[in-house]
Amino acid sequence: MSSPSSAPPRRLVVLISGSGTNLQALIDAQNTESLPNCEITLVLSNRKAAYGLVRASTATPSIPTTYLALQPFLKANPGKTREDYDVEVARLVIRAKPDLVVLAGWMHIMSEGFLDVLNGIRNLEGEEPVKRAIPVINLHPALPGAFDGASAIERAYEAFQKGEISTSGVMVHRVVKEVDRGQPLIVREVEIKQGEPIEEFEKRLHTIEWEIIVQGAKKVLDDDGLSADSR
């Protein structure tokens, strides 16, 4: 059920890299029973041409967007490092004062610097300190402990063809410094059918992703008791 209308909306920041179909699932779920009393306050992309930015800017109401890519950042800031970039991403995120950060097809592995800022371990000059750790969740197209990192769908499909696995899956998990090793929140198995093209398997898997990214966001917001009052 929805929270009382007098309660401030719970704020989400979503990080994307591509077409934004998972973002669209979150946009559509805002202020419904699936994701009650929620507002996406910022969509950040590390790719300028990501269609997810269009989805956000043309949503009703429009969602603010921003863009920051690694290589342009490094070129514009000689001597800066990948971790400096991650910290700058964290700066943009905390300015939006989120209750939850969702990595929804964010194709960049975050360093500890990003998490240190969101966890309130590292304060940034000129920014308000993070008083309460901001949880970060990620959508990963594999089962816990299997196919961590990039190209998980392709690797799972190949392993099935070799007879190494009988099924794959998708999960939403908390983000920690170890890649795709945070606490699983929602896990769904996805069958790989014999003789099925990888495109068909991927299509079925993505349909489930759109469901569980919303479920995972709601679970963290509800379980952690997150609200604007806790910021």
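Above this text sits the structure in question.
This structure is a prediction, so every number in the text was calculated from the model and none was measured.

## Quick notes on the pairing of strand β4 (residues 100-103)
In step 1: Here β4 shows two buried faces, one formed by Leu-100 and Val-102 and the other by Val-101 and Leu-103.
In step 2: Sheet topology places strand β1 (residues 10-16) next to β4; four bridges connect them, and they run parallel. Opposite Val-13, over in β4, you have Val-101 as the bridge partner.
In step 3: Pairing analysis gives three bridges linking β4 to strand β5 (residues 136-140), with the strands arranged parallel. By the bridge assignment for β5, Leu-103 is matched with Asn-138.
In step 4: Between the parallel pair β4 and β5, the chain is carried across by helix α5 (residues 112-118), and the sense of this crossover is right-handed.

## A look at unusual backbone geometry
In step 1: Here the amide bond leading from Thr-60 into Pro-61 is cis, since omega sits at -5°, within 30 degrees of zero.
In step 2: The topology assignment puts Pro-61 in the loop between α2 (51-57) and β3 (65-67).
In step 3: In this structure, Asn-31 is a non-glycine residue whose phi angle is positive, near 60°.
In step 4: Turning to its location among the elements, Asn-31 is positioned in the loop between α1 (21-29) and β2 (38-45).
In step 5: Classification of Asn-31 as exposed rests on a relative accessible area of 51%.
In step 6: Although it is not a glycine, Phe-147 adopts a positive phi angle of roughly 60°.
In step 7: When you line up the elements, Phe-147 lands in the loop between β5 and α6 (152-161).
In step 8: Given the relative accessible area of 19%, Phe-147 is considered buried.

Criteria and cut-off values
- Residues numbered from 1 in each chain as written.
- Predicted model: local features only at pLDDT ≥ 70, side-chain atom pairs only at ≥ 80, totals over all residues.
- Heavy atoms only, no water.
- Buried < 20%, exposed > 50% of the residue type's maximum accessible area, 1.4 Å probe, protein only.
- Helix = DSSP H or I, 4+ residues; strand = E, 2+ residues; numbered from the N terminus.
- Pairing = 2+ DSSP bridges.
- Right-handed = clockwise from strand over helix to strand, strands pointing away.

The values reported here are purely geometric and, on their own, carry no functional implication.
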